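Chain by chain, the residues run as shown.
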Amino acid sequence: MKIFNRFLPFGVILILFFAIPHIAYNQSAGSTKVSAFSYLTKREGNIISLSFDKDALIQNKKTNQYMPATITSADGLDMSAEIRARGKYRRKFCSIPPVKIKFPKKMLRQMNLDTLNEVRLALPCAESEEGQGLLLREYIAYRMYELVNPTMSVRARLVKINLKDIGHPEAQVSQTYGMLMEHEEELSARLGGHIDELYNTPTDSLNAQYAADQAMFEYLIGNTDWEVLSSRNVHLFRSFAGGKLVPIPYDFDFSGFVNASYAVPPSNLALTSVRDRVLIADSILMPDIKESVLRLKAKKDDLLALCKNPLLDESSQEWLTIYTEDFFNALDEQKILPVRLKNVER
């Protein structure tokens, strides 16, 4: 098994990510214990290992069947786990699908960790340079939304991951980028509430500020692969203290920002490419949209700086910068309308 391997020196990674606020959170209400997610991502770019049977995972990637695995942390500690394929499109078509990792709670207690025991892991969809690049672009999208909403966002952290195929011990260990993401159970515990699995959610039940920010961010990255009504790629969070629902987006691989070769726009929007932008903001009032625009403009320089991440190749840096600047140019021209980027190289 061979996956494209291209890494900058670790010192460069540290310089980059010390410039991005890394916020530590208690993992569940009243708990001061660190979760498995936070333990594995103490530092951006941690090197961890995943030992699993690759053939078994691929053969069962259309099921929710768990199989044994071992995670080795950056400090060399082996953690027993189970993994299964997750996702919709990617679990069907990726050479190695995204996985859900589940740790035994007894083991976590013995390690003095929080018992929040599930973590999500995304790997490059294709074992190629393009696959690595697309994962990094999506990772930047997650960090951009965390910059927009530092609390009400899904935390994603980049790791270097050694993949060990226990089904073929003679196979060479490969190293690739991976993206660890907090599970919705941990997200809920961190924020002090719960995720509602709702359908046909009326827009007036949403927090207006967060709904506008989420819609405008999806517009920024050119993402139409989401819907509040069906909770598609949006967590609907409700605080235990009450109040309205907060939409928290995730899964950005079908966005124009990522610009994946396999991504296609939904047929009902009559777009010719995922690079075309259209604002989806049903029933969100224009005053709330305008306030969101002001908040985004205030963070323009920081958002553009993320597009210059040195882990990206020059072509990706250029594309993300052009695509993001086009968004802000449209705002300056007061064109919050469908914006199409045609004749732009992939």
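Just above, that's the structure.
Here's the deal with the state of the cysteines
Reasoning step 1: Evaluation of the coordinates by the stated rule reveals one disulfide.
Reasoning step 2: There is a disulfide in this structure between Cys94 and Cys125, and the S-S distance comes to 2.0 Å. With the S-S dihedral at roughly -100°, the linkage between Cys94 and Cys125 falls on the left-handed side. Of this pair, Cys94 sits in the loop between α4 (89–93) and β4 (99–102) while Cys125 sits in the loop between β5 (118–122) and α6 (129–148); the two residues are 31 residues apart in sequence, bridging distant segments of the chain. Side by side, Cys94 and Cys125 carry an identical accessibility label, which is buried.

Points about the environment of Pro265
Reasoning step 1: Turning to its location among the elements, Pro265 is positioned in the loop between β10 (246–249) and α9 (286–298).
Reasoning step 2: Expressed as a C-alpha distance, the spacing of Pro265 and Asn223, which sit 42 residues apart in the sequence, is 8.7 Å.
Reasoning step 3: Setting aside its immediate chain neighbours within four residues, Pro265 contacts Leu271, Thr272, Ser273 and Val274.

Observations regarding the packing of aromatic side chains
Reasoning step 1: Applying the stated criterion to the full structure yields 10 aromatic pairs.
Reasoning step 2: Ring geometry for Tyr89 and Phe254: centres 5.4 Å apart, planes at 80°, overall edge-to-face. Placement of the pair is Tyr89 in helix α4 and Phe254 in the loop between β10 and α9, with a sequence separation of 165 residues.
Reasoning step 3: The residue whose ring lies beneath Arg277 is Tyr323, and the NZ or CZ to ring-centre distance is 3.8 Å.

Let's talk about the environment of Tyr219
Reasoning step 1: Counting through the fold element by element, Tyr219 comes out in helix α8 (residues 208–220).
Reasoning step 2: You can call Tyr219 buried: its relative accessible area is 1%.
Reasoning step 3: In this structure the C-alpha to C-alpha distance between Tyr219 and Asp276, which are 57 residues apart in sequence, comes to 9.7 Å.

Quick look at the pairing of strand β3 (residues 78–85)
Reasoning step 1: Relative to β3, strand β2 (residues 67–72) runs antiparallel, the two being bridged by six bridges. Within the sheet, the bridge partner assigned to Met67 lies in β3 and is Ile83.
Reasoning step 2: The loop that links β2 with its antiparallel partner β3 comprises five residues; one of these, Gly76, has a positive phi angle of about 85°.
Reasoning step 3: Looking at chain direction, β3 and β4 are connected through four bridges and run antiparallel.

Remarks on the layout of surface pockets
Reasoning step 1: The calculated volume of the largest pocket comes to roughly 1200 Å³.
Reasoning step 2: Along its surface, the largest pocket is lined by 48 residues, and Glu227, Ser231, Arg232, Asn233 and Val234 are the ones closest to its centre.
Reasoning step 3: Its residues placed into classes, the lining of the largest pocket shows 20 nonpolar, 12 polar and 16 charged.

Looking at the sheet that holds β4
Reasoning step 1: Pairing in this closed barrel of seven strands is mixed, and the strands run β1-β2-β3-β4-β5-β7-β6 around the ring. The average angle at which neighbouring strand axes cross in this sheet is 40°, direction not considered.
Reasoning step 2: On top of the sheet, α6 reaches β5, β6 (156–165) and β7 (174–182); it is set at about 25° to β7, its chief contact.
Reasoning step 3: The strands touched by helix α7 (residues 184–191) are β5 and β7; relative to β7, the strand with the most contacts, the crossing angle is about 45°.

Topic: α6
Reasoning step 1: With 20 residues, α6 ought to run about 28 Å at 1.5 Å a step, and its terminal C-alpha atoms sit 29 Å apart, in line with that.
Reasoning step 2: The buried count for α6 comes to 17 of 20 residues, which makes it a mostly enclosed element.

Overview of the pattern of salt bridges
Reasoning step 1: By the definition in use, this model includes 17 salt bridges.
Reasoning step 2: Glu44 is the salt-bridge partner of Arg143, the closest N and O atoms lying 3.0 Å from each other. Of this pair, Arg143 sits in helix α6 while Glu44 sits in the loop between α2 (36–40) and β1 (46–52), placing them 99 residues apart in sequence.
Reasoning step 3: Residue Glu127 is joined to Lys54 by a salt bridge in which the shortest nitrogen-to-oxygen separation is 3.4 Å. With Glu127 in the loop between β5 and α6 and Lys54 in helix α3 (residues 54–59), the pair connects residues that are 73 residues apart, well separated along the chain.
Reasoning step 4: A cluster of three or more residues bridged by salt bridges with shared partners is formed by Glu44, Arg143, Glu146 and Arg157.

Digging into the sheet that holds strand β9 (residues 234–239)
Reasoning step 1: Strands sit in the order β8-β9-β10 across an open sheet of three strands; the sheet is antiparallel. Two strands in the sheet have a free side with no partner beyond their single neighbour: β8 (193–195) and β10. Neighbour to neighbour, the strand axes of the sheet diverge by 30° on average, direction disregarded.
Reasoning step 2: Here β8 runs beside β9; their pairing, made up of three bridges, is antiparallel. Looking across to β9, one finds that Ile195 is bridged to Phe237.
Reasoning step 3: Sheet strands in contact with α8 are β9 and β10, and its direction is about 25° off that of β10.

Details of unusual backbone geometry
Reasoning step 1: With phi around 60°, Asn112 is a residue other than glycine that occupies positive phi space.
Reasoning step 2: Relative to the assigned elements, Asn112 resides in the loop between α5 (105–110) and β5.
Reasoning step 3: Phi angles above zero are rare outside glycine, and Ser231 is one such case at about 55°.
Reasoning step 4: Tracing the backbone through its elements, the reader meets Ser231 in the loop between α8 and β9.

Conventions and cut-offs
- Residues numbered from 1 in each chain as written.
- Predicted model: local features only at pLDDT ≥ 70, side-chain atom pairs only at ≥ 80, totals over all residues.
- Heavy atoms only, no water.
- Disulfide = S-S within 2.5 Å.
- Helix = DSSP H or I, 4+ residues; strand = E, 2+ residues; numbered from the N terminus.
- Buried < 20%, exposed > 50% of the residue type's maximum accessible area, 1.4 Å probe, protein only.
- Contact = heavy atoms within 4.5 Å.
- Phe/Tyr/Trp six-rings, centres within 6.5 Å; stacked < 30°, edge-to-face > 60°.
- Lys NZ or Arg CZ within 6 Å of the ring centre and 35° of its normal.
- Pairing = 2+ DSSP bridges.
- 1 Å grid on protein atoms, 1.4 Å probe; cavity = no way out; pocket = protein on both sides within 12 Å on 5 of 7 lines; lining within 4 Å.
- Points joined across faces, edges and corners; volume = space filled by probe spheres on them.
- Nonpolar A, V, L, I, M, F, W, Y, C, P; charged D, E, K, R; others polar.
- Axes fitted to C-alpha atoms, helices over the stretch in contact; angles between N-to-C directions.
- Expected span 1.5 Å × (residues − 1).
- Salt bridge = Lys/Arg side-chain N within 4 Å of Asp/Glu carboxyl O.

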